[in-house]
Amino acid sequence: MSASFPRAMAAWLTVLLPSRSDLARVRRDPRRDLLAGLTVAIVALPLALGFGVSSGMGAEAGLATAVVAGGMAAVFGGSNLQVSGPTGAMTVVLVPIVARYGATAVLTVGLLAGAMLVVLAALRAGRYMRYVPASVIEGFTLGIAAVIGLQQIPNALGVPKPEGDQVLVVTWHAVEEFAKSPDWTAAGLAAAVVVLMLAGARWRPAVPFSVVAVIVATVVVQVAHLDVRPIGELPAGLPAPALSFLRVDDLGSLLAPAVAVAALAALASLMSAAAADAMTVGQRHDPDRELLGQGLANIAAPLFGGVPAAGAIARTAVNVRSGAGSRLAALTHAAVLAVIVFAAAPLVSKIPLAALAGVLVATAIRMVEAGSLKAMAKATRSDAVILVLTAVATIALDLVHAVIIGLVVAGALALRAVAQQARFDQVPLDRGDHGAEEHALLAEHVVAYRIDGPLFFAAAHRFLLELTEVADVRVVVLRMSRVSTMDATGALVLKDAVEKLRRRGIVVLASGIRPGQRQVLASVGALGLLRHEGREYATTPEAIRAARDHLEMAGVLPVVPAPKTNQKNPDTSEEPVR
């Protein structure tokens, strides 16, 4: 075992770490990737600042995250086009953590979450992302957009952020504070930024109007000397890496928030990478390697004062639309932001908080795809219920609970739909070699049922009810070749039904039992009850002949001599009917 472990680790690292093919892709068209990275950096700057402020950690934390986590995920991630950094979804989780545990706890949580993501990558957990229903993802996105917009209300109104971690409560208190002494300067500035971004995106989608809006707002505030709070002083550069923030004594209490952050980072990053694949031809991300990249990014970012990061759908989409073809573009985005951190910190510090709030409100509005929501709501009633429930839970509770609730409800509705596909139908007896009179007697005393579909816990009790209501006959034949799956509950219910029929003097025979079903039936003691005199019937005609033999022995049917057959040339033309 000791010799195989290093080989397994080496094979794992070979698959998940950067390869020669990544370098070859970078060399194909570096000029195009560099231009795409520059474009993404321009778009990402106000978002990084805004999400840092919204998280409660400050604008400098957002920039540090975009630089460090963005660079690490670009090198080690599983997508050639993914752009990572601080995201709106992550700020929704971080705000309650800051309010409850303090700012330094966020750094510890990020480090723990990064380690968890690395473990998930080693366990190859990325493949399970495809089991998240689209209705849960759409509801999750809608809820995030609403929370991001609500989080900006205090800065958009120019009032101090009230205490608390419930976004609805904080928003209400901010509105109350504004109503006491309304000052429309900040609100007007935020509204102007929102209008400029949304209208500009329709007019010239390729132009980064978020940067234009922030620059215009900053110039107007400085020239007109408006009383609007700026971001404040930023450090000229990244801090030296340190572990002084690590709160070892609080690891137990911070474990649950770390699980939430890791789950969100995995979900958001894999969703973003899948979206990038959908926007291109020939690009396919490696989900396990993406988890590794996000894990390393979240381990590195807190060392420099950054917040937990994830793949960012909006910035990834800009990267793809700007012509990026390799991970060089995302790496360039991180490098450009690093230059801004070192060279333009004094200018960035003068950006009004109300302008950043406007940027994030417009971003939240653009996150909502009205067409996708309408299509999902019209698809099925179940999809509409899951979408609305997930969105409401995201706003009222938190993202992780919302996803769990959405998945549980989606799973329950899916089981209900599958269970409804199970059918239990009476079928006529095959005439076979019986005469008309004998067939009539058989039909009077023998009834055959065919079980179609799954016989598992969600459908088993309906089956029990129908089977035990069988009319007064002597023999019941169960045709089981079309049972698609069976669990222990289904087998136990079948056993219970057979025992109830036997107490009424009805013999139960079964045909076409599959090998996989035979094991579960035997484990609960049902297989023996389905055999007649120790025999098991592969086909329905064999079971019918056994039923006839039983009726002959009981004196219900007259004994019919077996037909003579030519021993040299026996008739083997009968088709088995299962």
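Quick note: structure is the one above.
Right, let's walk through the structure included here. (Residues numbered from 1 in each chain as written. Predicted model: local features only at pLDDT ≥ 70, side-chain atom pairs only at ≥ 80, totals over all residues. Heavy atoms only, no water.)

## As for helix α17 (residues 353-367)
Each turn of an α-helix holds 3.6 residues, which means side chains three or four residues apart point in the same direction.
Now for step 1: A rise of 1.5 Å per residue sets the reference length of α17, with its 15 residues, at 21 Å; its end C-alpha atoms lie 21 Å apart and thus fit the reference within 8%.
Now for step 2: Counted residue by residue, α17 has 11 buried out of 15 residues, so it is predominantly covered.
Now for step 3: All of the buried residues in α17 are Leu353, Ala354, Ala355, Leu356, Ala357, Gly358, Val359, Leu360, Ala362, Thr363 and Ala364.
Now for step 4: As for α17, its buried residues are in contact with α3 (30-55), α7 (134-151), α8 (153-157), α10 (184-203) and α11 (209-224). (Helix = DSSP H or I, 4+ residues; strand = E, 2+ residues; numbered from the N terminus. Expected span 1.5 Å × (residues − 1). Buried < 20%, exposed > 50% of the residue type's maximum accessible area, 1.4 Å probe, protein only. Contact = heavy atoms within 4.5 Å.)

## Observations concerning the side chain of serine 269
Now for step 1: Secondary-structure assignment places serine 269 in helix α12 (residues 251-278).
Now for step 2: In this structure serine 269 comes out as buried when scored by relative accessible area, which is 0%.
Now for step 3: For serine 269, the contacting residues outside a window of four places in its chain are Gln82, Glu290, Gln294, Ala310 and Gly311.

## Quick look at the pattern of salt bridges
Now for step 1: Scanning the model with the defined rule gives 4 salt bridges in all.
Now for step 2: The salt bridge involving aspartate 452 is made with arginine 450; its shortest N-O contact spans 3.4 Å. We note that aspartate 452, like arginine 450, is buried. (Salt bridge = Lys/Arg side-chain N within 4 Å of Asp/Glu carboxyl O.)

## Let's talk about the packing of aromatic side chains
Now for step 1: Using the criterion set out here, one finds 2 aromatic pairs in the structure.
Now for step 2: Between phenylalanine 178 and tryptophan 184, the ring centres sit 5.0 Å apart and the planes meet at 85 degrees, which makes this aromatic pair edge-to-face.
Now for step 3: Geometrically, the ring pair formed by tryptophan 203 and phenylalanine 209 is tilted, given 6.3 Å between the ring centres and 45 degrees between the ring planes. (Phe/Tyr/Trp six-rings, centres within 6.5 Å; stacked < 30°, edge-to-face > 60°.)

## Considering unusual backbone geometry
Now for step 1: Look at arginine 124: it is not a glycine, yet its phi comes out positive at around 55 degrees.
Now for step 2: One can find arginine 124 in the loop between α6 (103-122) and α7.
Now for step 3: A positive phi angle, close to 55 degrees, is found at histidine 225, a residue other than glycine.
Now for step 4: Mapped onto the elements of the fold, histidine 225 is located in the loop between α11 and α12.

## Brief notes about the side chain of glutamate 290
Now for step 1: Within the element layout of this structure, glutamate 290 appears in helix α13 (residues 287-300).
Now for step 2: No salt bridge is formed by the buried glutamate 290; its nearest oppositely charged neighbour, arginine 327, is found at 6.6 Å.
Now for step 3: Excluding residues that lie within four positions of it along the chain, glutamate 290 makes contacts with Gly77, Gly78, Ser79, Gln82, Ser269 and Leu270. (Lys, Arg positive; Asp, Glu negative; His and termini not counted.)

## Details of the packing of helix α5 (residues 88-101) against α6
What describes two packed helices is the angle between their axes and the distance between those same axes.
Now for step 1: Direction vectors running N to C along α5 and α6 enclose 125 degrees, while the axes themselves pass 7 Å from each other. Judged by the inter-axis angle, α5 sits oblique to α6. Every pair of crossing elements has a handedness; the one defined by α5 and α6 is right-handed. Residues Leu94, Ile97, Val98 and Tyr101 of α5 touch α6, and the partners they reach there are Ala103, Ala105, Val106 and Val109.
Now for step 2: Class assignment for the residues of the contact of α5 with α6 results in 8 nonpolar, no polar and no charged. (Axes fitted to C-alpha atoms, helices over the stretch in contact; angles between N-to-C directions. Parallel < 35°, antiparallel > 145°, perpendicular 65-115°, else oblique. Left-handed = near helix turned anticlockwise from the far one by under 90°. Nonpolar A, V, L, I, M, F, W, Y, C, P; charged D, E, K, R; others polar.)

## Section: a nonpolar patch on the surface
Now for step 1: A cluster of nonpolar residues, Leu196, Val207, Val212, Val216, Val220 and Leu226, forms a patch on the protein surface that exposes about 390 Å² of accessible area.
Now for step 2: Looking at the nonpolar patch element by element, the count peaks at 3 residues for α11.
Now for step 3: Mapping valine 216 onto the fold places it in helix α11. (Patch = residues over 30% accessible without salt bridge, like charges linked within 9 Å, V, L, I, M, F, W, Y side chains within 5 Å. Areas by Shrake-Rupley, 256 points an atom, 1.4 Å probe, with all protein chains shown as cover.)

## Overview of the nonpolar core
Now for step 1: Counting 85 residues, the largest nonpolar core has Leu49, Phe140, Ile231, Leu234, Val261 and Leu399 as the members making the most contacts within it.
Now for step 2: Top contributing element to this core by residue count: α12, with 11 residues.
Now for step 3: When near neighbours in sequence (up to four residues on either side) are disregarded, leucine 234 contacts Leu49, Ala59, Glu60, Leu63, Ala345, Val348 and Ser349.
Now for step 4: Counting 33 residues, the second largest nonpolar core, distinct from the first, contains Leu464, Val476, Leu529 and Leu530. (Core = buried A, V, L, I, M, F, W, Y, C linked by side-chain atoms within 4.5 Å.)

## What about the environment of glycine 512?
Now for step 1: Tracing the backbone through its elements, the reader meets glycine 512 in the loop between β7 (507-511) and α24 (515-523).
Now for step 2: Look at glycine 512 and you get buried, because its relative accessible area is 7%.
Now for step 3: Taking C-alpha positions, glycine 512 is 8.9 Å from glutamate 536, a pair spaced 24 residues apart along the chain.

## Focus on the pairing of strand β5 (residues 475-479)
Now for step 1: The buried fraction of β5 amounts to 5 of the 5 residues, a majority that puts the element mostly inside the structure.
Now for step 2: Burial along β5 is two-sided: Val475, Val477 and Arg479 facing one way and Val476 and Leu478 facing the other are all buried.
Now for step 3: As judged from the 5 bridges shared by strand β4 (residues 446-455) and β5, these two strands associate in the parallel manner. Note on β5: the bridge partner recorded for arginine 450 is arginine 479.
Now for step 4: In this structure, β5 lies alongside β7, joined through 5 bridges in parallel fashion. Following the sheet pairing, valine 476 is matched in β7 by valine 508. (Pairing = 2+ DSSP bridges.)

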